[in-house]
Amino acid sequence: MEKLNINQWAEEDRPREKMMQKGAEALSDAELLAILIGSGNTEESAVSLMQRILAAADNNLHRLGKWQVADFARFKGMGPAKSISVMAALELGKRRTLQEKPERPAMRSSSDIYELFHPLLCDLPTEEFWILLLNQAARVIDKVRISRGGLDQTTADVRTILREALLQRATQLALVHNHPSGNVHPSTDDIHLTHAVRDAARLMNIRLLDHVIVTDGAYYSFNDEGRL
């Protein structure tokens, strides 16, 4: 049986036409994704196929954004080209979210830091260590990746961290890294590094504002927990 392409469906099932007539907001997630892949398989339309794929991701686009080609390949009709099209669209959505952030937002709380870094770190399979450089008004000067680690740890050098802060004339900074395991609690190394940076920064008259550990959906703040 030959699969139907998106232009051969019944008119009421054509998401392209629906989008033109009613706007993108009228389409479901499955219909929007169906436009990207164009066709389903011999047994189901692109919309039905995407409904099944979304169901496998708990109808969560954020979770779907973590899928790789091999995850999509479990579904009949999802070859590498279609899978990459969906992955690229989800990545563009992630980048759009990043660009919509104010150019120099103020960091007033740990949740502000988490919201800034969550799109950057939530999907990563390995740890990354970043610093957030701030001026006296707690507005962002820059965010800098210091290191990228293995599956369960990364290393950060105190001198490198302070060098970046001094070069960009930051008066405050925050440490940020992710735990791909989903465990928000700091390790012994995390605690030692936090205290080392705090003490060294104090000598330079730079305030360590926080150290935030990011996971997908939760975070740990050294400041909130009174551990700075």
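Residues numbered from 1 in each chain as written. Predicted model: local features only at pLDDT ≥ 70, side-chain atom pairs only at ≥ 80, totals over all residues. Heavy atoms only, no water.

(A) Structural detail: the pairing of strand E2 (residues 140-148). Summarising the sheet, strand E1 (residues 128-134) and E2 pair through seven bridges and their orientation is antiparallel. Among the inter-strand pairings, Phe 129 is bridged to a residue of E2, identified as Ser 147. Joining the antiparallel neighbours E1 and E2 is a turn of five residues, in which Ala 138 adopts a positive phi near 65 degrees. (Pairing = 2+ DSSP bridges. Helix = DSSP H or I, 4+ residues; strand = E, 2+ residues; numbered from the N terminus.)

(B) Looking closely at a nonpolar patch on the surface. Residues Leu 166, Leu 203 and Met 204 make up a contiguous nonpolar surface patch of about 340 Å² in total accessible area. Along the polypeptide, Leu 203 turns up in helix H9 (residues 188-203). (Patch = residues over 30% accessible without salt bridge, like charges linked within 9 Å, V, L, I, M, F, W, Y side chains within 5 Å. Areas by Shrake-Rupley, 256 points an atom, 1.4 Å probe, with all protein chains shown as cover. Salt bridge = Lys/Arg side-chain N within 4 Å of Asp/Glu carboxyl O.)

(C) Up close: the sheet that holds E1. Pairing is mixed across the open sheet formed by five strands, whose spatial order is E2-E1-E3-E4-E5. Of all strands in the sheet, those bounded by a partner on one side alone are E2 and strand E5 (218-221). On average, each strand axis in the sheet is tilted by 20 degrees relative to the strand beside it, whichever way the strands run. Examined bridge by bridge, E1 and strand E3 (residues 172-178) share six bridges and lie antiparallel to one another. Note on E3: the bridge partner recorded for Ile 131 is Leu 175. Packed on one face of the sheet, helix H7 (residues 110-121) meets E1, E2, E3, strand E4 (207-215) and E5 and runs near 45 degrees to E4. (Axes fitted to C-alpha atoms, helices over the stretch in contact; angles between N-to-C directions. Contact = heavy atoms within 4.5 Å.)

(D) Inspection of the pattern of salt bridges at higher detail. One pass over the structure, following the stated rule, counts 13 salt bridges. Between Arg 159 and Asp 157 there is a salt bridge whose closest N-O contact spans 3.4 Å. A salt bridge links Asp 199 to Arg 198; the shortest N-O distance between them is 3.0 Å. Exposure remark for Asp 199: the relative accessible area of 37% places this residue in the partly exposed category. A network of salt bridges, in which partner residues are shared, links Glu 128, Arg 145 and Arg 148. (Buried < 20%, exposed > 50% of the residue type's maximum accessible area, 1.4 Å probe, protein only.)

(E) Layout of the pairing of E4. Burial analysis of E4 places eight of its nine residues in the buried class, the great majority of the element. Sheet topology places E3 next to E4; seven bridges connect them, and they run parallel. Across the sheet, His 177 pairs through a bridge with Ile 213, a residue of E4. The pairing of E4 with E5 spans four bridges and is classified as antiparallel.

(F) Representation of the confidence of the model for the protein chain within the structure. Counting all residues, the mean pLDDT for the protein chain is 89, and 90% of those residues have values of 70 or more. The least confident element of the protein chain is helix H1 (residues 15-22), whose mean pLDDT is 88; the most confident is E3, at 97. (pLDDT = per-residue confidence, 0-100.)

(G) Main features of the packing of aromatic side chains. Evaluated as defined, the whole model comprises five aromatic pairs. Three or more aromatic residues joined by ring pairs form one cluster here, namely Trp 67, Phe 72 and Phe 75. Cation over ring: Arg 74 sits above Trp 67, and NZ or CZ is 5.0 Å from the ring centre. (Phe/Tyr/Trp six-rings, centres within 6.5 Å; stacked < 30°, edge-to-face > 60°. Lys NZ or Arg CZ within 6 Å of the ring centre and 35° of its normal.)

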